[in-house]
Structures are given as C-alpha cells and as structure tokens.
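So you can see what is in the structure, the chains are spelled out below.
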Amino acid sequence: MSRQAKRGLLGISLVLPSFLILVFIVVLPIIGSLKESLTNDGGGYDLSNYKFLFTDKLMRSNIIFTLEVTVISSLLVLAVSYVLAVYMRFNNGFAVRWIRRMYMIPIFIPTVIATYGLMQLLGNHGWASRILYHLGQDSFPRMIYDMKGIIIANLWFNIPFTTMLLGSALSSVPDAVIESAKDVGAGRLRIFWRLILPLTYKTLLVAVTFVFMGVIGSFTAPYLVGPNAPQMLGVSMEQVFGVFQDRQLAAALAFFTFLLCSFIGYFYVLSMIKEEGMRRS
C-alpha cells in the first residue's frame with residue numbers, strides 16, 4: 001500500500017468517529033422527526049401537520065412571537081456585546097478591569113437559578129418594584145410573564161459568551177493598524193467601519209449563528225418568565241407533546257424550528273464559502 005493511500009486511510013479513520021456521532025445524534029433524529037411530522041392520523045403521509053402550523057391562529061402567533069423575540073434578542077445581544085468588547089479592547093482603567101472580572105459570571109450560574117433570580121428582581125413585587133416604590137414610583141412596568149422578561153433573560157445568558165467571542169477577535173486586530181489609521185487622520189467611526197468591523201466580520205457571523213440558534217430553541221427562560229399565550233416554539237412544543245400527546249404536531253414544530261436554524265446557518269456557510277473562494281483567487 002502506498003504512502004498516500006495510508007495517509008488517506010488515516011484521515012478517514014480520524015474523521016469517521018466524529019462523522020458517526022454526527023449521524024446518530026443529529027442526522028438520524030432529524031430524519032425521524034421529519035418522518036413523524038409527515039404522518040397523519042390515519043397512518044399515511046401528508047403535510048396536514050405543517051398546514052395546521054400556518055392555519056391555526058395560536059400556532060401562527062407562536063411562530064411570529066418566537067421570531068420577534070429571537071430577532072430582537074439577537075440584535076440587542078450583538079450590540080451590547082460588541083460595545084463591551086470594543087471598550088475592553090481599546091481602553092484601560094478601573095472600569096475595564098472591573099468589567100473583565102465580572103462579565104463572565106452569568107456563564108457559571110445555572111439557567112434555572114438565574115431565571116428565578118430575574119423573577120425575584122423584576123416581578124410585580126420584586127426588588128426593583130419595591131425600590132421604586134420607596135422612591136415614590138407607584139407603578140412598575142410588566143416584565144415577568146411578558147416578552148420583555150424573555151428578552152432580558154436572553155441578554156443575561158448570551159452577552160457573556162458573545163462578548164468573549166468578539167473580544168478574542170478584536171484582540172487579533174493589530175495596534176499598529178489602528179495607530180497607522182489615526183496617523184493619516186482617520187476618525188473613530190471610519191476606523192471602525194473600514195478596519196475593525198471587516199477584521200471581525202467572520203467572528204460576528206459566528207456569534208449571530210450561536211445567539212440565533214440558542215434563543216430560538218430556548219425553553220427554560222421562556223417557560224418560567226414568558227406569557228401563556230403566545231409562547232416560544234420550545235414551550236409550545238412541550239405543551240403539544242406533553243399535555244396534548246400529539247407526537248406528529250410536536251415533530252412538525254421541531255422540524256420547523258430546525259429549518260429556521262438552518263436558514264441562518266445557510267448564510268453563515270455561504271459567507272464562509274465566498275471568503276474561501278476569495279482567498280484562493
């Protein structure tokens with residue numbers, strides 16, 4: 001056997017375990033969910049479950065509500081995380097040191113505990129409302145059991161990791177490039193749009209993908225602090241499967257959620273392919 005053939009077999013043997021894990025954990029369950037979602041009450045196959053998702057008023061409102069929460073949460077997480085990452089990268093002092101020590105703490109707090117903490121803080125009789133009451137404010141905006149509560153929880157859970165991800169990309173931006181741009185008279189906004197953003201664009205796409213997929217498939221926070229109607233798709237899926245015992249409709253919801261995640265993943269992969277093509281050319 002030639003050396004090249006041996007290298008090929010070695011490469012296949014190294015990749016095969018990961019490929020098999022991917023097949024059994026991801027690919028086969030997706031195929032099973034698709035088959036289950038296409039099954040009707042009579043045992044045949046049709047699109048009745050998917051038709052119900054878009055014709056039923058409650059299901060439509062759940063889909064729209066999920067997309068609204070996901071888009072708003074993703075934009076806010078990226079905006080706050082990028083500002084924090086840029087501030088920590090190009091500034092020094094007590095505030096920066098304090099942020100660097102504190103911003104990772106939410107990662108180490110379990111989701112359930114953090115969610116109950118937010119309920120105690122932002123509830124109608126929580127700490128925030130009590131403080132405002134003693135300051136003379138009689139009314140407190142509704143946060144818990146509302147879209148705002150889910151968004152705040154998503155900010156708490158996603159900002160630390162996204163900031164760390166963007167911060168690692170910003171740390172690779174050479175100081176010499178920034179100083180050279182300043183020497184030729186470039187302002188801060190011009191430096192950001194022409195240098196910093198293009199150099200961190202790839203990591204920004206990764207962050208968008210992670211945040212979008214994490215929010216759209218979340219369950220714990222939407223279940224505990226979200227409204228009863230409309231609901232996030234993860235909560236609706238649990239209700240359909242656990243309460244109504246409708247496996248086919250739950251599978252349709254699961255596969256539809258997968259398609260939404262695949263949509264944002266498609267643009268990420270397409271961008272990576274274009275970037276690789278530009279490098280080779």
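What counts and what doesn't
- Residues numbered from 1 in each chain as written.
- Predicted model: local features only at pLDDT ≥ 70, side-chain atom pairs only at ≥ 80, totals over all residues.
- Heavy atoms only, no water.
- UniProt positions renumbered as here; feature names shortened; annotations may be inferred.
- Salt bridge = Lys/Arg side-chain N within 4 Å of Asp/Glu carboxyl O.
- Helix = DSSP H or I, 4+ residues; strand = E, 2+ residues; numbered from the N terminus.
- Buried < 20%, exposed > 50% of the residue type's maximum accessible area, 1.4 Å probe, protein only.
- Contact = heavy atoms within 4.5 Å.
- Phe/Tyr/Trp six-rings, centres within 6.5 Å; stacked < 30°, edge-to-face > 60°.
- Axes fitted to C-alpha atoms, helices over the stretch in contact; angles between N-to-C directions.
- Parallel < 35°, antiparallel > 145°, perpendicular 65-115°, else oblique.
- Left-handed = near helix turned anticlockwise from the far one by under 90°.
- Nonpolar A, V, L, I, M, F, W, Y, C, P; charged D, E, K, R; others polar.

As recorded in an unreviewed UniProt entry, the protein goes by the name ABC transporter permease, listed as coming from Paenibacillus jilunlii. Comment text from UniProt for the protein, heading Subcellular location (unreviewed entry), reads "Cell membrane". Regarding the protein, the UniProt comment filed under Sequence similarities (unreviewed entry) reads as follows: "Belongs to the binding-protein-dependent transport system permease family. CysTW subfamily."

*Asks:* Would you mind going over the pattern of salt bridges with me for this structure?
*Replies:* Close approach of charged atoms lets side chains of opposite charge pair. Taken as a whole and judged by the stated rule, the model has two salt bridges. Residue Glu36 is joined to Arg247 by a salt bridge in which the shortest nitrogen-to-oxygen separation is 3.9 Å. Of the two residues, Glu36 is situated in helix H1 (residues 3–37) and Arg247 in helix H13 (residues 247–280); the sequence distance between them amounts to 211 residues. By relative accessible area, Glu36 is classed as partly exposed at 22%.

*Asks:* How should I be thinking about the environment of Pro230 in this particular structure?
*Replies:* Of note, Pro230 is situated in the loop between helix H11 (220–225) and helix H12 (233–243). Remark: the alpha-carbon pair of Pro230 and Asn62, spanning 168 residues in sequence, is separated by 5.0 Å. If sequence neighbours within four positions are ignored, Pro230 has contacts with Ser61, Asn62 and Phe65.

*Asks:* Looking at this model, I keep getting lost on unusual backbone geometry. Mind explaining?
*Replies:* Excluding glycine, a negative phi dihedral is what most residues carry, and trans is how most peptide bonds are arranged. In the segment running from Ala229 into Pro230, the intervening peptide bond is cis, with an omega of -5°. Phi is positive for Tyr145, close to 60°, though the residue is something other than glycine. Even without glycine at this site, Gln245 takes up a positive phi of about 55°. Classification of Gln245 as exposed rests on a relative accessible area of 58%.

*Asks:* I'm lost on the UniProt feature "domain: ABC transmembrane type-1" (unreviewed entry) in the protein in this one. Help?
*Replies:* Cross-referencing UniProt, the feature "domain: ABC transmembrane type-1" (unreviewed entry) maps to residues 63–268 in the present numbering. This span, residues 63–268, is 77% helix and 0% strand, and a straight line between its end C-alpha atoms measures 23 Å.

*Asks:* I'm lost on the packing of aromatic side chains in this one. Help?
*Replies:* Where two aromatic rings form a pair, the distance of their centres and the angle of their planes describe that pair. Scanning the entire structure with this criterion turns up six aromatic pairs. Ring centres of Tyr82 and Phe192 lie 5.6 Å apart, and the angle between their planes is 75°; on these two criteria the pair is classed as edge-to-face. Here Tyr82 is found in helix H3 (residues 57–90), whereas its partner Phe192 is found in helix H9 (residues 188–199), with 110 residues between them in sequence. The exposure class assigned to Tyr82 is buried, which follows from its relative accessible area of 9%. With centroids separated by 5.1 Å and ring planes inclined at 20°, the aromatic side chains of Phe219 and Tyr223 adopt a geometry described as stacked. Linked through ring pairs, Tyr82, Phe192 and Trp193 together constitute an aromatic cluster.

*Asks:* Whenever I open this one, the packing of H3 against helix H7 (residues 147–171) confuses me. Can you help?
*Replies:* For any two helices packed against each other, one specifies the crossing angle of their axes together with the interaxial distance. Interhelical geometry of H3 versus H7 gives an angle of 40° and a closest axis separation of 7 Å. Overall, the two elements H3 and H7 adopt an arrangement that is oblique. Relative to H7, the crossing made by H3 is right-handed. Of the residues belonging to the contact of H3 with H7, the class tally is 19 nonpolar, eight polar and two charged.

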